[in-house]
Amino acid sequence: MEAAIARAADILEAGGSAVEAAVEACVILEDDPVFNAGTGAVYRTDGSVLLDASLQTSDGRMGFVIAMRDTPNPIRVAADLLDEEINGLAGDGARTWANSKGHPKAAVEGRPPRAGVGDTVGVIARDSTGALACATSTGGTSYRPAGRVGDVPLPGSGFWAEHGLAVAATGVGEVITRSLLSYRVHDRALSTESTLESAMRWGIEELIDEGVSVGLISLASEGEGRGHSNTDMPWAAWSG
Ligand code: GLY
């Protein structure tokens, strides 16, 4: 995480955009096999490695990919979708579109599933204009079939960014999706003027079943970023 934060910090200090910072930090996490995203993604039950990623900006743009094969950095494909007419792509169609845009095609090694492997990755960055970008990436949750869709590429579930606030979630994607967790935490923070910490705490305590691992990160157009989880998921924040 330190390497990812350092990369984002370099970009932002050089005047780069929130999108660039979030994507490049996410790429570092995707390339690190310790995380369940990109290179370290868990196998599906049929042995396949299928990747999901999403990117949303506070100026109303969005891109997401679902169940992509042979794409070590799916966040870059999500980023390329930001300025397209379509928001999202899935499966073979996503890979075909990525080919047309020149995204490298390479087998992703992945790793066997095991209980306790979660740790999807998420990055929220804010640039000098106050713009926010929210990037998430995952190989899914262990012991899930090919074709299963988790929270990461679903708007409002694994991510939400608008009105000067971005929230990203991870953990057991089914529970996050059923509770529309990121959107509802976002709404809670803005509609009740809660602190980010208390809105995230509310989301996990009120919307998530006991014993289900979930973590959240959030960042507004002012103030410091925060993270909160009901397990040992790591998070970190930096402000220049
Ligand atoms: N949170 C990752 C997943 O459930 O796919």
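On a predicted model such as this, the values are computed, not experimentally measured, just so you know. Residue numbers run consecutively from 1 along every chain, following the written order of its sequence. With the structure being a predicted model, the display of local features is reserved for residues of pLDDT at least 70 and the display and counting of side-chain atom pairs for 80 or more, all residues being used for whole-chain, interface and lining totals. Calculated side-chain values reflect all of the structure's heavy atoms, with hydrogen atoms and water omitted.

A few points about the overall build of the protein
Item 1. A helix here means a DSSP run of H or I that spans at least four residues, while a strand means a run of E at least two residues long, and both kinds are numbered starting from the N terminus. The secondary structure content of the protein amounts to 7 helices and 9 strands.
Item 2. Using C-alpha atoms as the atom set, the radius of gyration is obtained and then compared with a globule rule of 2.2 Å times the number of residues to the power 0.38. In terms of C-alpha radius of gyration, the protein reaches 16 Å, essentially the compact-globule figure of 18 Å for 240 residues.
Item 3. With respect to the three principal axes, the spread of C-alpha positions in the protein is 45 × 45 × 35 Å.
Item 4. For the protein, the proportion of its 240 residues judged to be buried stands at 52%.
Item 5. For the protein, the proportion of contacts with a sequence separation of at least 24, taken over those separated by at least 6, is 61%.
Item 6. Surface accessibility in these figures is a Shrake-Rupley result with a 1.4 Å probe; residues are shielded only by whichever protein chains are displayed. As displayed, the protein offers around 10400 Å² of accessible surface, 48% of which is attributable to carbon and sulfur atoms.
Item 7. Here the positive residues are Lys and Arg and the negative ones are Asp and Glu; neither His nor the chain ends is included. Every charge is mapped to an atom, namely NZ of Lys, CZ of Arg, CG of Asp or CD of Glu. Separation of charge centres in the protein, based on 18 positive and 33 negative side chains, amounts to 5 Å. Only protein chains enter the accessibility calculation, which uses a 1.4 Å probe. A residue is then buried if its area is under 20% of the maximum for its type, exposed if over 50%, and partly exposed in between. Contact definition: two residues touch when any of their heavy atoms are within 4.5 Å.

Overview of the site of the ligand
Item 1. T120, T138, G140, T141, R148, G150, D151, T170, G171 and G173 make up every residue found near the ligand.
Item 2. Within the contact set of the ligand, a nitrogen atom lies 3.1 Å away from a side-chain nitrogen or oxygen of T170.
Item 3. Alone, the ligand offers 200 Å² of accessible surface; in the complex the protein occludes 99% of this.
Item 4. The cavity that encloses the ligand is the largest cavity. Any residue with at least one heavy atom within 4 Å of a molecule or strand is counted as near it. In protein, a polar contact requires one atom able to donate a hydrogen and another able to accept it; more generally it is a pair of N or O atoms within 3.5 Å, and residues adjacent in sequence count only if both atoms are side-chain atoms. Any residue with an atom within 4 Å of a point lines the site, the site being either a cavity, points on a 1 Å grid over the protein atoms alone where a 1.4 Å probe fits but cannot get out, or a pocket, an open set with protein on both sides within 12 Å along at least 5 of 7 lines. Any molecule with more than half of its atoms within 2 Å of a cavity's or pocket's grid points is regarded as sitting in that cavity or pocket.

Description of the packing of aromatic side chains
Item 1. Centres within 6.5 Å make a pair out of two Phe, Tyr or Trp rings, where for Trp the six-membered ring is used; the pair is then stacked when the planes are under 30 degrees apart, edge-to-face when over 60, and tilted otherwise. Across all of its chains, the model carries 1 aromatic pair by this definition.
Item 2. Summarising the aromatic geometry, the rings of W160 and Y183 are spaced 5.6 Å apart at their centres and angled 70 degrees between planes, so their arrangement reads as edge-to-face. With W160 in strand β6 (residues 159–162) and Y183 in helix α6 (residues 181–191), this pair connects stretches of sequence that are 23 residues apart.

Regarding the state of the cysteines
When the sulfur atoms of two cysteines share a covalent bond, that bond is a disulfide.
Item 1. Cysteine sulfurs are considered disulfide-paired once they come within 2.5 Å of each other. Scanning all chains against the criterion turns up 0 disulfides.
Item 2. No disulfide involves C26; its sulfur sits 9.7 Å from the nearest other cysteine sulfur, which is in C134.
Item 3. Overall, the relative accessible area of 0% leaves C26 in the buried class.
Item 4. Among the residues examined, C134 registers a relative accessible area of 0% and is labelled buried.

Examining the pattern of salt bridges
Item 1. A pair is scored as a salt bridge if a Lys or Arg side-chain nitrogen falls within 4 Å of a carboxyl oxygen belonging to Asp or Glu. Scanning all chains against the criterion turns up 8 salt bridges.
Item 2. Residue E174 pairs with R144 through a salt bridge whose shortest N-O separation is 3.1 Å. Note that E174 is positioned in helix α5 (residues 173–179) and R144 in the loop between β5 (132–138) and β6, a separation of 30 residues in sequence.
Item 3. Residues R201 and E197 are paired through a salt bridge, measuring 3.4 Å at the closest nitrogen-oxygen approach. One end of the pair, R201, and the other, E197, are both in helix α7 (residues 196–207), 4 residues apart, so they sit about a helical turn from each other.
Item 4. Looking at R201, the relative accessible area reads 36%, which means it is partly exposed.

Digging into the packing of α6 against α7
The axes of two packed helices give the description: the angle between them and the distance between them.
Item 1. To get an axis, fit a line to the C-alpha atoms, keeping to the stretch in contact for a helix; angles then go from 0 to 180 degrees between the N-to-C directions. Between α6 and α7, whose axes approach to 9 Å, the crossing angle comes to 135 degrees. Classed by the angle they form, the pair α6 and α7 counts as oblique. The element α6 and its partner α7 pack so that their crossing is right-handed. Along its contact with α6, which presents L181, R184, V185, R188 and A189, the element α7 presents L196, A199, M200, W202, G203 and L207.
Item 2. The nonpolar class holds Ala, Val, Leu, Ile, Met, Phe, Trp, Tyr, Cys and Pro. Asp, Glu, Lys and Arg form the charged class, and all remaining residues, Gly among them, are polar. Class assignment for the residues of the contact of α6 with α7 results in 8 nonpolar, 1 polar and 2 charged. Here the angle decides the label: under 35 degrees means roughly parallel, over 145 means roughly antiparallel, 65 to 115 means roughly perpendicular, and every other value means oblique. Two helices crossing with the near one rotated counterclockwise from the far one by less than a right angle form a left-handed crossing, whereas a clockwise rotation gives a right-handed crossing.

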